[in-house]
Structures are given as structure tokens and as C-alpha cells.
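# Structure assessment
If you want the building blocks of each chain, they are given just below.
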Amino acid sequence: MSKIKVTLSGFMFLLLLLFGLSRVFSRNPDIKNTHNGNAPSGTLQKMIVENASVTMQLDLNGLNGSNSLVARPVTLQFSAAANSFFPILVFNDLLRGVKPGSMALIPSRSGGIPALPVRLGASVKQLVVERLPSNQSFGLAVRDSKTGFTFFDVAGGDYDYNANARSLGIEGGRLLISKEFANALGRPSDAGSVVGKISVGAAMQPIEITQVVNGKPKSVMLPPLNQRSGSGARALVPGPDIIVGDLPDMVQIDPAVGSQVGLGIATTSCNNGDQPVNFFALPNTDHPFFPENFYRMSGGVDNTQRIEQIGQSWIKHTFGADEGDDCDLGCNTNNCTTFSQLCPGCSDPYLAEENGWYDLLGSRAWVNPFTGAFPSTAANHNGHAHDGVSHRVRVNIPDLNTTLNAGATYFAEAQYLDPLEYTWCQTHPGQCNMYNNATYHQFLVNGTTSFFTFSPVGQAVRMQPAIKAWTGATVNQLEPDPGNDGIWFMGYKVTNPSVGVWHYEYALYNQNLDRSIQSFSVPLGAGANLGNIGFHAPPQEPGWANDGTVNNQGYSSMPWTVTQNATSITWNTETFAQNQNANAIRFGTLYNFRFDADQPPLTTNATVGFFKTGSPMMVAIQAPAGGGTPTPTPTATATPTATATATATATPRPTPTPRTGPSPRPRPTPLPRP
């Protein structure tokens, strides 16, 4: 799924367009000008692809480097994903410009796919046709949507817009082997060789209609997109409600650095509410942000004994919204400012690689996860010298090694946090949608060392954190200070690995609780003997300049101290007064505590202490809280084990032939912010 972004919107965007096109308008006799110089008047439409077909005619001999003088032609047919963001500008029914954008290509099911060079064949189901910025050597390129690899540059091509049919045709574009593809083929001298042609036929639909008088926009209408009416469409909830609709892809972005890799997870956010959600880019602070996490379920005879967080990223700051319908909620752009807001029912995708762009990420330390507040400098990278894992989902290689973790199950998670949801909740208590923002998706992991690859399994589980995937566990949601702070989850599972021995596994997940968690105490029955005492936390980011932590030192990775006496076992990190950078359980993180005991489980209460503020609270768990002396006795252990420290397609109008239909509103993605 591609995500392409524009950088200007609203009236400023329109004014700049009109100013830049005024010379063209003045030279065209079909444009109605007023007496005010070159200032035009009329109707300006910004249009995107409703549906389309794309045809590539390739010479396999040329692609394979054959010296044969006889071409071996093959034809590849594609449709384009519905509502692809491949924008054109039409003024008074005349084509005035083609802006950067892309169409995701869906191979035709008829005729199959012929044998192609390996690199191209592997990417043929994820290609895009991309319109390039005006400062590039070519107008179009054919790329892999997931990796950005360019297969063909497109030279030439005639653009024709038919106002009556609202159709765009591109004919005669020559497919040239790119330098990147030529190098991959081992034939760098073939770069620029013509190996075929491309043609596009697209049915277009307007997304903005502006009435212009004397070069100035007087009114703007945002017509609704033609949406699919899938069976999943349902009523929107009152208020703004941004959720994660899908986590469709996951990649390792760069080579490993030492013993760690940096991952990116693709996200598709959706507005499940009937109010728009603002997506203004930094330095504006009115937009959602989201952390990304990675988990592994493993252990025991069935590999479900525990769930552990093995990776976490800095937070991604959103910077503009597409208006697709990936959640099948019925995207409605009426009374909503497209791009700068995510409209009710609409969706907004980000590529996995894009979610790993350093300059779009900011430290978790800058934000309040409950109120959604953060400063305008929350993604300041001055003084940074990035490497391949910086700020991304940082994971230790042994935690992914499929030989070391045979049978393990992996889950990606993201949650969107938004200041508007908080303020709306404060003023509309009955429309509080702040606690359903996390979603998880299972992935298969392949590899034993860098590079790792990831494949999604089944469907994403919307509006549930990954701790809910823990098979056989009891997971309860807690809210220590309703209306003033967020929620966390207590998960626990007790297994009986051998006669007279019970394994107790506890997982504390902080979803959006700003005060954070500092201690966890489990009551013990008289005479209980413990062994295999353990603690687990995900890797932390090291300190970075301007990262929001005290003295830019980063958060501590020090394992929690464990203390056992006759009545309890307690884990704790330093207090806030001792160290503001202590290894507390902050938002979007899950920590584990475990031991074996020689007594069976009873229902009791654990005590959880908070880091920043608030009195400790009691929470229901199971623990060896009874009496007696069952046998055999587990081997006693007094030292905690720190196992992960820092070491659908809409029903289209008839399509002009040959043409295609785009995917959920892709747009050109801007370069990362400086």
C-alpha cells in the first residue's frame, strides 16, 4: 500500500497554483480572462483517478539482454487501485497540469503473468506508476511500492483529457531500463535502453472544485468520492475516533547495526467517528502521533506461556491525511478539509519504510499520551548522527532468530494518540473514544540473521492491544484516575510445567497512562518457595540530542530490582525523585515478571506503584498466596533475569480503454523533514 503526500492544501495551495498557471491561462484563447491583466476566471478542478487500466508492452529479449534483432513482445495488463491519488488540474475543462502522485497497479487475472526477469517478477504484484516532480529527468516511473526500487523510467507520452467523459489518456510512453534496474541485472550499460511502451486510460473524479474570479478563489466545494459499499460499512460513532485499521506490511529497512535491527511497520489509520480529525504537520501540534511495537509469544510446551515486547520505536508524527475507505466505513469528505483533516469514515495509509524515516519520528519523552500534548519541537533531530536502527522499531537479533525461537508467534502493534480526542472527551464525556486506538496484526518472521523478512497472517485485530493476543491468559483493563489519566492492562497466566511446580507469568502493559508504572508486588503464601525469578523489558533507545529526556541521556535499561520476603516478592525501578530517566513502564510498553513456585494459584491482589504521581493501586491476579509445602521444590534463584535489556474496490464507472483504477488515495510522499 503506498502513501503519497502533497505539501500544500486549502486556499494557499490554490493561490499558488493559480499564480503559477496565470501565464498559461493568458495565452489560451479558450480561457475567459477579465480586464485585470492576466488574472483568470472560471472553474478549477483538482481531480484524481477513479478507476483506470494500464498496459505495458515489453520486449523480453531486450529485458533479458538478448542480441536477437527480433523482439519477443509480451503484454502486461493492470487495473489501478480505486481512488488513486494521481492528481491533475483542469481549468475550464482544459488540462492544465499533472501533479506528483501515483497509481498502485493490480495485475489482471486473465492471461496470467509471463516469465519475467526475477527482480521484476517478484515485484509485479506491488508496482506503482508514479508521476515525478518537475525537477526530475522523467515525468513518470514504474516502481516497487514497498521498496521504492525503480524498474523503468518513462520517456515521452501524450496526455489527453476528455472533459465530456472525464477521462485521462496517456499514450506512447517509452519504458526505459532505469540505472537501478540495469545494475541489478548486471548490465549497467543497458540503462536507458527502450524495452517497451506504456499506456494509461483513467476515469477521473474531482476532489476539489474552486470557482475563481480575477485569479482569486471565491468558493471551494469538496465533492464526495465514489466509495465502495462493502458489507463491513457501519454507522460511525459520535465524535472523533481515530483507530488503526490495518498493519499490512513490515520490513527491516537497513542492515543490522551490531546485534540489533531497525524495523518499520505500515499503518492504515481510519476515522471511526463522525467528526474530522486534524492532521496538521509540525510545527503545528494538532495532529495524531503513534508508536509502533513488536511482540513475541513463546515458551512452554505450546509456545503460549508468555508474551513479551521485543521492540519499540519512537513516535511518528502525522503530516496530512489521504481520504480512502480502507476500513470500509464509507468515507465522507463533505464539510471536511481534505489532506489537513482525516474526514469521517476515511482512511490514511503510511508505508512501512515511511514509518521508519528518521526525520518524521520524535522521542516518546516529548509527549503526554493521555492529553496528546507535545511541543512544536517534538521531532528535533539537530545533533543526531543516525544509523540503521535509530528511532525505528529496535529489536535484538536473537529475539527474531527463527532457530532460537522455533514455534514462536509474533505480533506488530500501533496505536494512534490524538489531542483532539482528549479535548473532545473533556467536553463530551459521553463521546470519549480515547481507549480503542491500538490494533495488532500477527506476522511470520523469516531469517536467522539480518536481513529478516515478515509476512502478515490473517487479518489485523482492530481496536485491541497486542496483549489481548496472549493465548489462555487473563487480561484486565485498569484506569487508576478516570478522566485525568489513561489506561493500562494487567495480564497473567499460570501453567503447571511439572508435578508440584507452577509457573507464574505476569505482563503489565501501559497503553496511554502518563504517570507510568514503577513497582509490582505479588503476595506469597506462608512457606512458598520460588525459583527461576525473571524480568523482561524491550530495548530502549540510547540518549540523543534534543530527545526530551533529562540531560539527553535516554531512558534507563537497568533491570528492575527484585526483593523477596516471607509475604511478597516485589520488583521496582528507581523512583521519579531518584531518576527521572528510570526504566519505568511508560506508555506503549509491556514488561514481564515471572517465577516458578511450589504452591498452586489462588486469586488475590497485587500492588502496582506509579512513577510520576498517584497512590499505589490493587489489582486482581493469581499467585501462590496459600499455605502448605507441596513437593518437589523448585530450585531457588535470587537474581532477576534481564532477557532483553539494551545489551476493496469501489464499483467504477465504465472505464475508457485502456485504463485503470487507483488504490486508496495514494499521494506523493514528501522528503523527510530536515
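Provided above is the structure to which this section pertains.
Reference entry: report on the structure contained in this document. Within any chain, residue numbers begin from 1 and follow the written order of that chain's sequence. Note on the predicted model: pLDDT of at least 70 is required for a residue's local features to be given, and 80 or more for side-chain atom pairs to be given and counted; whole-chain, interface and lining totals, by contrast, use all residues. With hydrogens and water stripped out, all remaining heavy atoms of the structure feed into the side-chain values.

### Some points on unusual backbone geometry
That bond from Leu282 to Pro283 is cis: its omega, 10 degrees, falls within 30 degrees of zero. One can find Pro283 in the loop between strand E17 (277-278) and strand E18 (289-298). Look at the link from Ser450 to Phe451: it is a cis peptide, with omega at 5 degrees. For Phe451, the location among the structural elements is in the loop between strand E25 (438-446) and strand E26 (453-461). Positive phi is not limited to glycine here, since Ser516 has a value of about 65 degrees. Working definition: helices are DSSP H or I runs of at least four residues, strands are E runs of at least two. Numbering for both runs from the N terminus.

### A few points about the sheet that holds strand E31 (residues 530-536)
Here five strands make up an open sheet; going across it, the order is E27-E28-E29-E34-E31 and the pairing antiparallel. Since the sheet does not close on itself, it has two edges, and those belong to strand E27 (474-478) and E31, each with one partner. Taken over all neighbouring pairs, the strand axes of this sheet differ in orientation by 15 degrees on average, direction set aside. In this scheme, strands are said to pair when DSSP sees at least two bridges between them. Lines are fitted to the C-alpha atoms to define the axes, a helix being fitted only along its stretch in contact, and any angle between axes, read from their N-to-C directions, falls within 0 to 180 degrees.

### Points about the pairing of strand E28 (residues 488-498)
If a strand is regular, its side chains alternate between the two faces of the sheet. Both E27 and E28 contribute to a ladder of five bridges, which runs antiparallel. Following the sheet pairing, Gln477 is matched in E28 by Phe489. Hairpin connection of E28 to strand E29 (residues 501-510): two residues between the antiparallel strands, including Gly500 at a positive phi of 80 degrees.

### Let's talk about helix H5 (residues 419-427)
The buried label goes to any residue with under 20% of its type's maximum accessible area, the exposed label to any with over 50%, and the partly exposed label to all in between, with areas taken from a 1.4 Å probe on protein chains only. Within H5, the full set of buried residues consists of Pro419, Leu420, Glu421, Trp424 and Cys425. Contacts were defined at the residue level, with two residues in contact if any of their heavy atoms lie within 4.5 Å. Looking at the buried residues of H5, the elements they touch are strand E13 (242-246) and E17. Its side-chain oxygen at 3.2 Å from the backbone nitrogen of Leu420, Asp418 defines the N-terminal cap of H5. We call two N or O atoms a polar contact when they sit within 3.5 Å, provided that within protein one can donate a hydrogen and the other can accept it, with sequence-adjacent residues counted only if both atoms are side-chain atoms.

### Side note on the state of the cysteines
For this text, the term disulfide refers to a pair of cysteine sulfurs within 2.5 Å. This model, assessed by the stated rule, comprises four disulfides. Here Cys331 connects covalently by a disulfide to Cys346, the sulfurs 1.8 Å from one another. Between Cys331 and Cys346, the disulfide has an S-S torsion of 85 degrees and is therefore right-handed. On the criterion of sequence distance, the pair formed by Cys331 in the loop between strand E19 (306-317) and strand E20 (341-342) and Cys346 in the loop between E20 and strand E21 (347-350) is long-range, its members being 15 residues apart. Neither residue differs from the other here; Cys331 and Cys346 are each classed as buried. The disulfide bridge from Cys336 ends at Cys343, spanning 2.2 Å between sulfur atoms. On the sign convention where negative means left-handed, the S-S torsion of about -95 degrees between Cys336 and Cys343 marks this disulfide as left-handed.

### So, the packing of aromatic side chains
Pairing of aromatic rings covers Phe, Tyr and Trp, the last counted by its six-membered ring, and requires centre-to-centre distances within 6.5 Å; plane angles under 30 degrees mean stacked, over 60 mean edge-to-face, and any other angle means tilted. For the coordinates displayed, the defined rule picks out 26 aromatic pairs. Their ring planes at 40 degrees and their centres at 5.1 Å tell us that Phe520 and Phe593 sit as a pair that is tilted. Of this pair, Phe520 sits in strand E30 (residues 517-523) while Phe593 is found in strand E34 (residues 589-597), placing the two residues 73 residues apart along the sequence. Of the residues examined, Phe520 reaches a relative accessible area of 0% and is grouped as buried. With a centroid separation of 6.4 Å and 10 degrees between ring planes, the pair formed by Trp571 and Phe595 is classed as stacked. Highlighted residues: Trp571 in strand E33 (residues 568-572) and Phe595 in strand E34, separated in sequence by 24 residues. By the burial criterion, Trp571 is buried, and Phe595 matches it. Through a chain of ring-to-ring contacts, three or more aromatic side chains come together here, namely Tyr504, Tyr506, Phe520, Phe535, Trp560, Trp571, Tyr591, Phe593 and Phe595. The cationic tip of Lys316 hangs over the ring face of Tyr350; the distance from NZ or CZ to the ring centre is 3.6 Å. Charge over a ring is defined by NZ of Lys or CZ of Arg lying within 6 Å of the ring centre and within 35 degrees of the ring normal. Sitting over the ring of Phe610, Arg515 keeps its end group 5.7 Å from the ring centre.

### As for the nonpolar core
By nonpolar core is meant a set of buried Ala, Val, Leu, Ile, Met, Phe, Trp, Tyr and Cys residues that side-chain atoms within 4.5 Å join together. Counting residues in hydrophobic clusters, the biggest one holds 41 residues, and the most contacted among them are Met56, Leu58, Leu120, Leu127, Val142, Phe152 and Leu175. Ranked by the residues each element gives to this core, the list is headed by strand E1 (residues 42-59), at six residues. Other than its neighbours up to four places away in sequence, Leu120 contacts Leu58, Leu63, Leu127, Phe151, Phe152 and Phe181.

### Concerning the pattern of salt bridges
We count a salt bridge whenever a side-chain nitrogen from Lys or Arg sits within 4 Å of a carboxyl oxygen from Asp or Glu. One pass over the structure, following the stated rule, counts 12 salt bridges. Among the ionic pairs, Glu308 bridges to Arg296, the shortest N-O distance being 2.8 Å. Pair noted here: Glu308 is in strand E19 and Arg296 is in strand E18, with a separation of 12 residues, a long-range link. Its salt-bridge partner being Glu505, residue Arg594 comes within 2.8 Å of it at the nearest N-O pair. With Arg594 in strand E34 and Glu505 in strand E29, this pair connects stretches of sequence that are 89 residues apart. Residue class for Arg594 comes out buried when judged on its relative accessible area of 6%. With relative accessibility at 0%, the residue Glu505 sits in the buried group. Three or more residues are tied together by salt bridges with common partners; here these are Arg296, Arg306, Glu308, Asp399, Glu505 and Arg594.

### A look at the side chain of Asp514
In this fold, Asp514 is placed in the loop between E29 and E30. Residue classification places Asp514 among the buried positions, given a relative accessible area of 19%. Filtering out sequence-adjacent residues up to four positions away, Asp514 remains in contact with Val367, Asn368, Pro369, Asp485 and Lys612.

### Concerning the sheet that holds strand E16 (residues 267-271)
On the basis of which strands lie adjacent, the open sheet formed by three strands has the order E13-E16-E21 and antiparallel pairing. Of all the strands in the sheet, just E13 and E21 have a single pairing partner and so form its edges. When strand polarity is set aside, the average angle formed by the axes of neighbouring strands in this sheet is 30 degrees. One ladder, built from four bridges, connects E13 with E16; its direction is antiparallel. What sits directly across from Val244, in E16, is Ser269.

### Concerning the side chain of Thr589
Within the secondary structure layout, Thr589 lies in strand E34. Judged by relative accessible area, which is 3%, Thr589 ranks as buried. A polar atom in the side chain of Thr589 sits 2.4 Å from the backbone oxygen of Arg586. Look past the residues within four positions of Thr589 in its chain and what remains in contact with it is Gln309, Gln312, Arg364, Leu508, Tyr509 and Asn510.

### What about the pairing of strand E24 (residues 409-415)?
E24 sits mainly inside the fold: seven of its seven residues count as buried. Burial along E24 is two-sided: the residues Thr409, Phe411, Glu413 and Gln415 and Tyr410, Ala412 and Ala414 are all buried. With six bridges connecting them, E18 and E24 associate as antiparallel partners. Its bridge partner lying in E24, Asn293 is registered against Glu413. As paired elements, E24 and E25 share six bridges and run antiparallel to each other. Looking at E25, one finds that Gln415 is bridged to Ala438.

Function cannot be inferred from these measures alone, as they are strictly geometric.
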